Amino acid sequence: MFHWESTPLTGISFLGMVIGAVVVLGIALAVVTYAIYFERKFIGWMQLRIGPNRVGPLGLFQSFADILKLLIKEDVIPDKADRIMFLLAPVIAFVPSFMVLAVIPFSSTHVFTAGLNVGVLYYLAISAITILGVVLGGWASNNKYSLIGGMRSAAQMISYEIPLGLSIVGVVLLSGSLNMNVIVAHQAKMWFIIPQIIGFVVFIIAGLAELNRTPFDLPEAESELVAGYHTEYSGFRFAFFMLTEYVYAFALAALATTLFLGGWSGPFLPSWLWFVIKTAAVIFFLFWVRATMPRMRGDQLMSFAWKVLIPVALFNLLLTGGLYLL
Amino acid sequence: MSTEDNNTSDTVKATPTASAAAKPAAKPAKAALPPDPRVVAALANGETIKTALNQKLGVPIVVEVSASKAVPILIIDKAYWVQAVQFLRDDALQSYDYLRMFSGTDYPNYIEIAIHLVSRQHNTALYVKTRTERDLAVVPSLTGLFQGVNWEEREVYDLLGVHFEGHPDLRRIMMWEGWKGYPLRKDYSPFEDLDERGGNV
Amino acid sequence: MAELRSEEMVLNVGPQHPSTHGVFRLVVTLDGEQIVDADPVVGYLHRGTEKLAEDLQYTQIIPYTDRLDYLSSMLNNYALVHTIEYAMDLEVPARAEYLRVIVMELNRVASHLVFTGTYLLDLGAMSPFLYAFMERETIVELFNEICGARLTYNYMRVGGVKWDAPNGWLQKVRDFVLHMREKMRMYHNLISGNEIFLNRVKGIGVITQEDAINFAMSGINLRSTGINWDLRKNVPYGIYDQFDFNVIVAEHGDCLDRYWIHMKEIEESLKIVEQALDKISEGPVLGKVPKMIRVPAGEYYRGIEGSRGELGVYIVSDGKDKPYRLKLRRPSFVNLQILKKLLIGQNMANMIAILGAVDIVLGEVDG
């Protein structure tokens, strides 16, 4: 419909792009708000509890209440903290999470999607920038525990980038392109999850670790000693880090949908609805794992990435390449 | 330390619903109470152990032998406290290797440390006690033999004021450093000299 | 090459901390990630029970014992009451004895459920905590019916128990036993085979047999090393010699063994409750006791198998109605001494797993 890349840049098209970006931001924030609400509800139901049900009908306004609470908190900046870095870290962490949504095809008409020919690579590269924000947050807090937590978190995220990337290469091999739209088009007959089942498993596990979610949430666990990189952050800056985590959860689920579950393709229902259903299913799976699993220890987590996931991902590549040749 | 059970008459007298028939039965019971056979056996056991101990260590270190129901009690001179317990733990006939309880009690003239030992091998039990003066209460520490008395000795030090010689880390455990006074002693009053003592922080 | 300068960092865990199970402070000296020294500091919950007891009549001390190991109040009550009855040679009616066994073993189950829930919570799994408390809620409601309280029961008296079971209570207990047995399968499905859980607790915090005896450990910590010592069998008290149950002993002495023994002991306790339900008969629940309870002069010590180890009461009496000295032998206090030895050389992440497996309750540590 809108072919931004082939029409010359006029004032109107620029305005259109800005509005589009704002709309996607709005959608992302709405998704995050209700993802938080549904996480609490689902985990509550799995634990024989009700979950939030007071604020608004069925507790639907709970996230707004939480955000309002965080907004009106006092903005505390530690005295000896590096002020500029301290203020910059949440921004550096959050902005990439929103930027990666640009390449995800939400529907068959690709309204807000940039049809980048290196879409997958763009996603991986931009999402790695968040790690900078994490380390910066840990460093700028001037707190040895935050620093250790930030380092651990960064080490974990960097280590799991590799299996994440490797698991995607199988999909790229099968579809012959890094362009997300092309990948979705190739899944019209069969979703890539079937030939790439090993890749999908590696992707989900590595994705969980990227998101710092249970069972890989050692860097931010409350019952551990070192409280993590966002200890010193309060109020809305803390909300930024939380927002980052949930927007990434949405982005990762969207990526999983696009690469493995056929994107927006599906019979009968409108394409965007299929996209919503599949993404919601992946997000639900993430919540489910959080309710069920205990936490992995730091050293076990790292050795799992390097000694188990990477060999499995490489094996998957070998298999895909071999079968593709045949 | 007498352990004869002579309370039966109290029991009958205190019950208001005791029938008239019960009362005459109480009188002959008051007259001659046969000694509890468990206590007799325990005392005999105690004497055996006392002989063994005295023999082994060469000096008469056992001050007294008594019994609590079926368990013999030996009171040992505190100078030989560690050696006696070591003998009881290591000797093949005794082998009291499991320490069930460690306690301190404040009496008018002395402070008493009591431990309850069990021999898992022979399935026997034994109380061993020692006494020390109330001022400058010093007792050798058993931490070299049983590491499990470390905190118990610290608690007795904290609450009763007994100093254990040879204890690796004798400091207060329940009360905080700087507290003066020994709460479990009978002459301790919680209300006097609170500021001096370290209270009212 | 110059020596790398390394500093040791002193870290304070507690007294307020989500994983220390109460007001407990652990001063840890770290060299990087490794623990070089660990010094537990206790006494934050010390309430002077032993000193207070010297001014109270024996029956008045019973509510104080409730608050020692507040997760197993029935067992604490029993420790005191049993010692007094042992000293006075009192007869307890049969119905009271069976009721006592039923509530004590149910309380043991409830306490072990709390261990399971909180241990898994420390390790990061949120859900088993809520499931364990769901089952515990049933037990606590049963206790509420029989004695009016949910946590601190004050149920036992010298010579029996205070209140008889209301109508239908015994049937509810029977239903609960069947229900709990089924639920144990769910717990095992959820937790016991979980790879992540096993990786975190297997081979961690190993206690050797010599250490266990030397440190005067008791209860599950002792049995996890392979030593078969359960006071219900070795020094039987009450009517425990009439019941047919197994003593669970493990081999390796690590945290996983302790978790397993807790789970298996729940099943054994349910067996005992069932047998007691079969054998219980009608009758009085409080025996003939004098109005004023006076323990004959002398000293007496009795220890029972509490849910955390040997819970003992040592009474020195001079014949009056108040004890001259009441000493409480508290298993968590004694068991905690091994923590220092277990933690040195470990890395930080294992600290929580080891501390959780020792299974302490601060009310009992501090008394």
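To be clear, the structure that these remarks concern was listed above.
These remarks concern the structure in this document. (Residues numbered from 1 in each chain as written. Chains lettered and ligands numbered in written order. Predicted model: local features only at pLDDT ≥ 70, side-chain atom pairs only at ≥ 80, totals over all residues. Heavy atoms only, no water.)

What about the overall build of chain A?
For chain A, the count of helices and strands is 10 helices and zero strands. In chain A, the succession of α and β elements from N to C terminus is α-α-α-α-α-α-α-α-α-α. Relative to the compact-globule value of 20 Å for 326 residues, chain A shows a C-alpha radius of gyration of 20 Å, a close match. Seen through its principal axes, chain A has C-alpha atoms that stretch 60 × 50 × 45 Å. The burial tally for chain A puts 50% of its 326 residues in the buried class. Residue pairs at least 24 apart in sequence account for 76% of intrachain contacts in chain A once pairs closer than 6 positions are excluded. (Helix = DSSP H or I, 4+ residues; strand = E, 2+ residues; numbered from the N terminus. Rg over C-alpha atoms; globule rule 2.2 N^0.38 Å. Buried < 20%, exposed > 50% of the residue type's maximum accessible area, 1.4 Å probe, protein only. Contact = heavy atoms within 4.5 Å.)

Considering the pairing of strand β7 (residues 310-317) of chain C
Residues in a regular strand point their side chains to alternate faces of the sheet. All names here are of chain C. Counting buried positions over the eight residues of β7 gives eight, a clear majority of the element. Of the two faces of β7, the one carrying E310, G312, Y314 and V316 and the one carrying L311, V313, I315 and S317 are both buried. With eight bridges joining them, strand β6 (residues 298-305) and β7 adopt antiparallel strand pairing. Looking across to β7, one finds that Y301 is bridged to Y314. Sheet topology note: the β7/strand β8 (residues 325-329) ladder contains five bridges and is antiparallel. Each residue of the ladder has a partner; that of G312, found in β8, is R329. (Pairing = 2+ DSSP bridges.)

Re the pattern of salt bridges
Scanning the entire structure with this criterion turns up 48 salt bridges over all chains. Across the salt bridge formed by B:R171 and B:D169, the nearest N and O atoms sit 2.9 Å from each other. We classify B:D169 as partly exposed; its relative accessible area is 28%. Here C:D230 and C:R223 are joined by a salt bridge, their closest N and O atoms 4.0 Å apart. On the basis of relative accessible area, C:D230 is assigned to the buried category, the value being 0%. For C:R223, a relative accessible area of 1% corresponds to the buried category. Here the salt bridges do not stand alone but share partners, grouping C:E105, C:R108, C:R223, C:D230, C:R232, C:E265 and C:E305 into one network. (Salt bridge = Lys/Arg side-chain N within 4 Å of Asp/Glu carboxyl O.)

Quick look at the packing of aromatic side chains
Enumeration over the complete set of coordinates arrives at 33 aromatic pairs over all chains. Between A:Y233 and A:F241, the ring centres sit 4.9 Å apart and the planes meet at 70°, which makes this aromatic pair edge-to-face. You can call A:Y233 buried: its relative accessible area is 4%. On the numbers, 5.8 Å between centres and 40° between planes, the contact of C:Y78 with C:Y237 is tilted. Taken together, the residues C:Y78 in helix α3 (residues 73-88) and C:Y237 in the loop between α10 (231-234) and α11 (255-279) connect sequence positions 159 residues apart. In terms of burial, C:Y78 and C:Y237 fall into one category: buried. In this structure an aromatic cluster arises from ring pairing among A:Y34, A:Y37, A:F38, A:F42, A:W45, A:F61, A:F64, A:F284, A:F285 and A:W288. In this structure, C:K162 is placed above the aromatic ring of C:W163, and the distance from its NZ or CZ to the ring centre is 6.0 Å. It is C:K233 that lies over the ring of C:F245; its NZ or CZ is 4.4 Å from the centre. (Phe/Tyr/Trp six-rings, centres within 6.5 Å; stacked < 30°, edge-to-face > 60°. Lys NZ or Arg CZ within 6 Å of the ring centre and 35° of its normal.)

All quantities given are derived from atomic positions and should not be read as evidence of function.
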